[in-house]
Amino acid sequence: MQPYIQFLMLLGMAVIAGTTMIVASHFLGPRRPTEVKERPYESGMPPLGSAHERFSVKFYLVAVLFILFDIETVFLIPWAVIFMGTGTLTTGFLLVEMLVFMLILFVGYVYVWKRGAFQWD
Amino acid sequence: MTLTVFWIFGVIAMGSGLLCITRKNPIASALWLVVTLFALAALFVLLDAQFIAVLQVLVYAGAIMVLFLFVIMLLNLGRPGPTDIKGPLGLLGATVLAGALLLLLRPLGQAPLPAEIQLPPGTVAALQQQRGMVGAVATPLFDTYLVPFEIASVLLLTAIVGAVVLAKRKL
């Protein structure tokens, strides 16, 4: 529990700061709404249509690729913790191990790139 | 101290879980689910399962929820749908089912842990002494399970190729 006290304090302070700002601005700030002010902000343009639109299926590929490369980074966390070597595992061995892992996934990255999955056409 | 933190995050998890299943707007439901997953990550930390907590935040609250939100937006479900529970009869049915579920779960709360999943006393503390709990996961992963670890990258590669082939076919 002890190492997480600071983290809990940070979390608590974030919650307190966020709620205080919203509540204080609600009670202290002047509020004179007009029709223009109530409109959703769209870079200063008058909003075009509703935000509830169907999104392109191309976003789905981005999401799936994000998950896969996210899982790849997850393996880096335990690796980084023991990187300086532990017991029979030396730093060099761990480095080679992760390089092989990364190399196989780099093939996938190059494939995605060459197939043009990163292009928004 | 630990018990207080457990109660705080347990209540957050239960509350946001309830909000998740009662919201009519699917986007709001998905965002409450993110809160539930974060609270569960905190509970995992209390169980000395730091690596699972990191996974929970990175993979579930991060990547999987992005996929959930994208599916909601792709299907254009971002507006309230009809309620599942209709009228007093539906409410009565829901209450009876919830009561039955709680009744079924009650013996589980009192049952002792099976011997197979009970660690000998001091195991967790001993593992933590070495290099923290993440290190305790990492050492066998990169030592004993070296080959499955490398094969996992091939599995991920297959998934990447599969995703691109399926999604790019019609573009």
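Residue positions are counted from 1 within each chain, in the order its sequence is given. The order in which chains are written sets their letters, starting at A; the order in which ligands are written sets their numbers, starting at 1. In keeping with the model being predicted, local features are shown solely for residues with a pLDDT of at least 70 and side-chain atom pairs are shown and tallied solely at 80 or more, while totals for entire chains, interfaces and linings include all residues.

Draft legend 1. Main features of the overall build of chain A. Strands are runs of DSSP state E lasting at least two residues, helices are runs of H or I lasting at least four, and both sets are numbered from the N terminus onward. Each helix and strand in chain A was counted, giving four helices and zero strands. Across chain A, helices and strands are ordered from the amino to the carboxyl terminus as α-α-α-α. Over its C-alpha atoms, taken along the principal directions, chain A stretches across nearly 70 × 50 × 20 Å. Burial is judged by counting the other C-beta atoms within 10 Å of a residue's own C-beta: 20 or more makes it buried, 12 or fewer makes it exposed, and any count in between marks it as partly exposed, with every C-beta position built from the backbone. Counting only residues that meet the buried cut, chain A has 13% of its 121 residues in that class.

Draft legend 2. Inspection of the packing of helix 2 (residues 26–46) of chain B against helix 3 (residues 50–74) of chain B at higher detail. Residues and elements named next belong to chain B. In the contact formed by helix 2 and helix 3, the axes pass within 8 Å of each other and the chain directions differ by 175 degrees. Here helix 3 runs roughly antiparallel to helix 2, going by the angle between their axes. Packed against helix 2, whose contacting residues are Pro 26, Ile 27, Ala 30, Leu 33, Val 34, Leu 37, Phe 38, Leu 40, Ala 41, Phe 44 and Val 45, the element helix 3 presents Gln 50, Ile 52, Ala 53, Gln 56, Val 57, Tyr 60, Ala 61, Met 65, Phe 68, Leu 69 and Ile 72 at the interface. Classification used: nonpolar for Ala, Val, Leu, Ile, Met, Phe, Trp, Tyr, Cys and Pro, charged for Asp, Glu, Lys and Arg, polar for all others including Gly. Looking at the contact of helix 2 with helix 3, its residues break down into 20 nonpolar, two polar and no charged. Axis definition: a line fitted to C-alpha atoms, over the contacting stretch in the case of helices. Angles run 0 to 180 degrees between N-to-C directions. For classification purposes, angles smaller than 35 degrees are called roughly parallel, those larger than 145 roughly antiparallel, those between 65 and 115 roughly perpendicular, and all remaining angles oblique. In this description, any two residues whose backbone-derived C-beta atoms lie within 7 Å of each other are considered to be in contact.

Draft legend 3. The interface of chain B and chain A, seen in detail. Listed as interface residues are 44 residues of chain B and, on the opposing side, 42 residues of chain A. Elements with a contribution of two residues or more to the side of chain B that touches chain A: helix 1 (2–22), helix 3, helix 5 (123–142) and helix 6 (146–168) of chain B. Ranked by residue count, the leading element in the side of chain B that touches chain A is helix 6 of chain B, at 14 residues. In terms of residue class, the side of chain B that touches chain A is made up of 31 nonpolar, eight polar and five charged.

Draft legend 4. Structural context of the confidence of the model for chain A. pLDDT measures the predictor's confidence residue by residue and takes values from 0 up to 100. The predicted model of chain A has a mean per-residue pLDDT of 85, with 97% of residues at 70 or higher. By mean pLDDT, helix 2 (residues 35–38) of chain A is the weakest element of chain A at 83, and helix 1 (residues 5–28) of chain A is the strongest at 93.

Draft legend 5. Structural context of the environment of Pro46(A). All names here are of chain A. Along the chain, Pro 46 turns up in the loop between helix 2 and helix 3 (58–81). Its 7 C-beta neighbours within 10 Å are what place Pro 46 among the exposed residues. Residues Pro 46 and Leu 76, spaced 30 residues apart in sequence, show a C-alpha to C-alpha distance of 46 Å.

Draft legend 6. The arrangement of unusual backbone geometry in detail. In this structure, Asp48(B) takes a positive phi of about 65 degrees despite not being glycine. Look at Asp48(B) and you get partly exposed, because 15 C-beta atoms sit within 10 Å.

Draft legend 7. Structural context of the domain arrangement of chain B. Residue ranges for the domains trace back to a domain assignment, done automatically or taken from a database. Along its sequence, chain B is organised into domain 1 (1–80) and domain 2 (126–171). Domain 1 of chain B and domain 2 of chain B are separated by 23 Å when their C-alpha centres are compared.

Draft legend 8. Representation of the nonpolar core in the model. Ranked by internal contacts, the top residues of the largest apolar core, which has 25 residues, are Val64(A), Leu65(A), Val134(B), Val137(B), Ala138(B), Ile160(B) and Ala163(B). For this core, the secondary-structure elements that each account for two or more residues are helix 3 and helix 4 (91–114) of chain A together with helix 5 and helix 6 of chain B. Of the residues forming this core, the biggest block, seven residues, is contributed by helix 3 of chain A. In this structure Ile160(B) touches Leu65(A), Leu68(A), Gly108(A), Tyr111(A) and Val112(A), once residues within four positions along its chain are discounted. By convention the nonpolar core is taken to be a set of buried residues drawn from Ala, Val, Leu, Ile, Met, Phe, Trp, Tyr and Cys and joined through C-beta atoms within 7 Å.

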